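Structural description and commentary
Here are the chains, one letter per residue:
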Amino acid sequence: MPESLVAIASLGGTITMTAADGPRGLTPSLTARDLTASVPELAHVADIRAETLFSKPGASLGFGDLLQALDWSRRAVADGADGVVLVQGTDTLEETGYFLDLHWDRPEPLVVTGAMRPPRQPGADGPANLLAAVLTATAARSRGLGVLTVLNDEVHAAARVRKYDTTALDAFASRPFGPLARIHERSVRYAALPLRQPPVPPPRDGGHPRVALLETFFGDDGELLRLALGAHFDGIVISAFGAGHVSAAMASVVSEAVEKAPVVLASRTGSGSVLSDTYGFTGSEQDLLRRGAVSAGWLDARKARLLLWSLLAAGEPEDRIRAEFAARADGTSPTAR
Ligand code: ASP
């Protein structure tokens, strides 16, 4: 008899997708119960409670859906679950996992997973990922680690992982630090532990800030940033060149932007940290930080946007936003509240 109880909720994604008759392609159709029924091994690992929360592609999930999934997960652990697994589309998993991690305030593991291949395709990875996710959710070492992203027999910190490939089974990676654990012979072997930060405060009622994410590009003179200023976003994240650089022309638009809303500086490279005291040209990281931009540090632009959204939604003032970014972007010291 398994000693653990795991609650599994499905939000949709390729792992649930089958093709209807005709040329219409894959759409979400399987329920959470269909998924668990397809992996009989789960019964040896844990008692399972399964529920379908949404049947959406990852691209159509929104903040409201994630806040609902968080409530569902909190209720599941209050009702006795030792861990929770959320199944969803991989297209947005790197963002949803981090958002959930920012808000997850329980020691029980919250594990997110999905699949790169649909269930009817030979070599479908959904069943293996679901089993690995449940093993991770029941592992004693997973407690207190926040949200964990499990695919391809690897456990990643949701705060670090990114999707790097459109179809490969090993699409998810945590560069440059690597995964936290590997799963083999049904055991979860941790080799590293994440530096977990305290959860951010919950959104205030009606707190739905508009936060833009703009990637700079060769020849960018800041015109799109200027257009975004005209649209009155509550916050702006710039996915900048290399270690946090934009053109000299764009740098002056950054000066205008910081007068209107918090501007966060991240790198478009997908790995490594924004620098803080290396380059000195106009548009360099030092120049932009001096103009008032907030460094995303080790957080990539997508994750930085979710942190900024969460802090704005909670009504945090500018000094708290700077302090939270300083702590979380560095990732080495817990934030004092
Ligand atoms: N390709 C996606 C997936 O892997 C589709 C989605 O995100 O819903 O699940």
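Scroll up a little and you will see the structure.
As the structure is a prediction and not an experimental result, all values here were calculated from the model. (Residues numbered from 1 in each chain as written. Predicted model: local features only at pLDDT ≥ 70, side-chain atom pairs only at ≥ 80, totals over all residues. Heavy atoms only, no water.)

Turning our attention to the overall build of the chain. If you tally the helices and strands in the chain, you get ten helices and 16 strands. In terms of C-alpha radius of gyration, the chain reaches 20 Å, essentially the compact-globule figure of 20 Å for 337 residues. Projected onto its principal axes, the C-alpha positions of the chain cover 65 × 50 × 40 Å. Considering the chain as a whole, with its 337 residues, one finds that 52% of them fall into the buried category. (Helix = DSSP H or I, 4+ residues; strand = E, 2+ residues; numbered from the N terminus. Rg over C-alpha atoms; globule rule 2.2 N^0.38 Å. Buried < 20%, exposed > 50% of the residue type's maximum accessible area, 1.4 Å probe, protein only.)

It is at 11 Å that the axes of helix 3 (residues 63-78) and helix 4 (residues 93-103) come closest, and there the two elements cross at 50°. Taken together, the axis directions place helix 3 and helix 4 in an arrangement best described as oblique. In the packing of helix 3 onto helix 4, the handedness of the crossing is right-handed. Where helix 3 approaches helix 4, its residues Phe 63, Leu 66, Leu 67, Leu 70 and Arg 74 are matched on the opposing element by Thr 96, Phe 99, Leu 100 and His 103. Residue classes in the contact of helix 3 with helix 4 are distributed as six nonpolar, two polar and one charged. (Axes fitted to C-alpha atoms, helices over the stretch in contact; angles between N-to-C directions. Parallel < 35°, antiparallel > 145°, perpendicular 65-115°, else oblique. Left-handed = near helix turned anticlockwise from the far one by under 90°. Contact = heavy atoms within 4.5 Å. Nonpolar A, V, L, I, M, F, W, Y, C, P; charged D, E, K, R; others polar.)

A separate point is helix 10 (residues 318-330). Taking 1.5 Å as the rise per residue, helix 10 with 13 residues should run 18 Å; its terminal C-alpha atoms sit 18 Å apart, in good agreement. Residues Ile 321, Glu 324, Phe 325, Ala 327, Arg 328 and Ala 329 constitute the buried set of helix 10. Contacts from the buried residues of helix 10 go to helix 4, strand 15 (263-267), strand 16 (294-295) and helix 9 (301-313). (Expected span 1.5 Å × (residues − 1).)

Attention shifts here to the environment of Arg 143. The residue Arg 143 is located in the loop between helix 5 (126-138) and strand 7 (147-151) in this model. Put simply, Arg 143 and Glu 108 are 35 residues apart on the chain and 5.3 Å apart in space, counted from C-alpha to C-alpha.

Okay, the environment of Asn 152 next. Position of Asn 152 among the secondary structure elements: in the loop between strand 7 and strand 8 (154-157). When the C-alpha positions of Asn 152 and Trp 309 are compared, they lie 30 Å apart, and in sequence the two are 157 residues distant. What Asn 152 contacts, discounting residues up to four positions off in sequence, is Asn 129, Leu 169 and Asp 170.

As a further point, take the site of the ligand. If you check the shell around the ligand, you find Gly 13, Thr 14, Met 17, Pro 57, Gly 58, Gly 89, Thr 90, Asp 91 and Ala 115 and nothing else. Taking Thr 14, its main chain carries an N or O atom lying 2.8 Å from an oxygen atom of the ligand. Ala 115 is positioned with one of its backbone polar atoms (N or O) 3.1 Å from an oxygen atom of the ligand. Considering the ligand on its own, with 270 Å² of exposed area, one finds that the protein chains cover 87% of that surface. Residue composition of the shell around the ligand, grouped by class: three nonpolar, five polar and one charged. (Near = heavy atom within 4 Å. Polar contact = N/O pair within 3.5 Å; in protein donor to acceptor, adjacent residues only side chain to side chain. Areas by Shrake-Rupley, 256 points an atom, 1.4 Å probe, with all protein chains shown as cover.)

Take the packing of helix 6 (residues 223-230) against helix 7 (residues 248-260) next. For the pair helix 6 and helix 7, the least separation of the axes is 9 Å and the interaxial angle reads 15°. It follows from the interaxial angle that helix 6 and helix 7 lie roughly parallel. When you trace helix 6 past helix 7, the crossing you get is left-handed. Each of Leu 225, Arg 226 and Leu 229 in helix 6 lies in contact with helix 7, whose residues at this interface are Met 250, Val 253, Val 254, Glu 256, Ala 257 and Lys 260.

Below, the discussion takes up the side chain of Glu 154. With respect to the helices, strands and loops of the structure, Glu 154 is situated in strand 8. Buried and unpaired, Glu 154 has no salt bridge, with Arg 182 as the nearest side chain of opposite charge at 5.2 Å. In terms of polar contacts, Glu 154 uses its side chain to reach the side chain of His 156, at 3.1 Å. Not counting the four nearest positions on each side in its chain, Glu 154 is found in contact with Thr 149, Phe 172, Pro 179, Ala 181 and Arg 182. (Lys, Arg positive; Asp, Glu negative; His and termini not counted. Salt bridge = Lys/Arg side-chain N within 4 Å of Asp/Glu carboxyl O.)

The next subject is unusual backbone geometry. Put simply, Arg 175 and Pro 176 share a cis peptide bond, and its omega is 0°. Along the chain, Pro 176 turns up in the loop between strand 10 (172-173) and strand 11 (181-184). For Arg 186, which is not a glycine, the phi torsion comes out positive at approximately 65°. Its location among the elements puts Arg 186 in the loop between strand 11 and strand 12 (187-190).

Taken as a whole and judged by the stated rule, the model has five aromatic pairs. A centroid spacing of 5.6 Å and a plane angle of 70° characterise the contact between Phe 99 and Trp 309, whose relative ring orientation is edge-to-face. With Phe 99 in helix 4 and Trp 309 in helix 9, the pair connects residues that are 210 residues apart, well separated along the chain. Considered together, Phe 99 and Trp 309 belong to a single accessibility category, that of buried residues. Clustering of aromatic rings is evident, with ring pairs tying together Phe 63, Phe 99 and Trp 309. (Phe/Tyr/Trp six-rings, centres within 6.5 Å; stacked < 30°, edge-to-face > 60°.)

With that settled, the discussion passes to the sheet that holds strand 15. Across the sheet, four strands lie side by side as 13-14-15-16; this open sheet has parallel pairing. Lying at the two open borders of the sheet, with one neighbouring strand each, are strand 13 (211-215) and strand 16. By the bridge criterion, two bridges tie strand 15 to strand 16 in an arrangement that is parallel. Directly across from Val 264, in strand 16, lies its bridge partner Val 294. (Pairing = 2+ DSSP bridges.)

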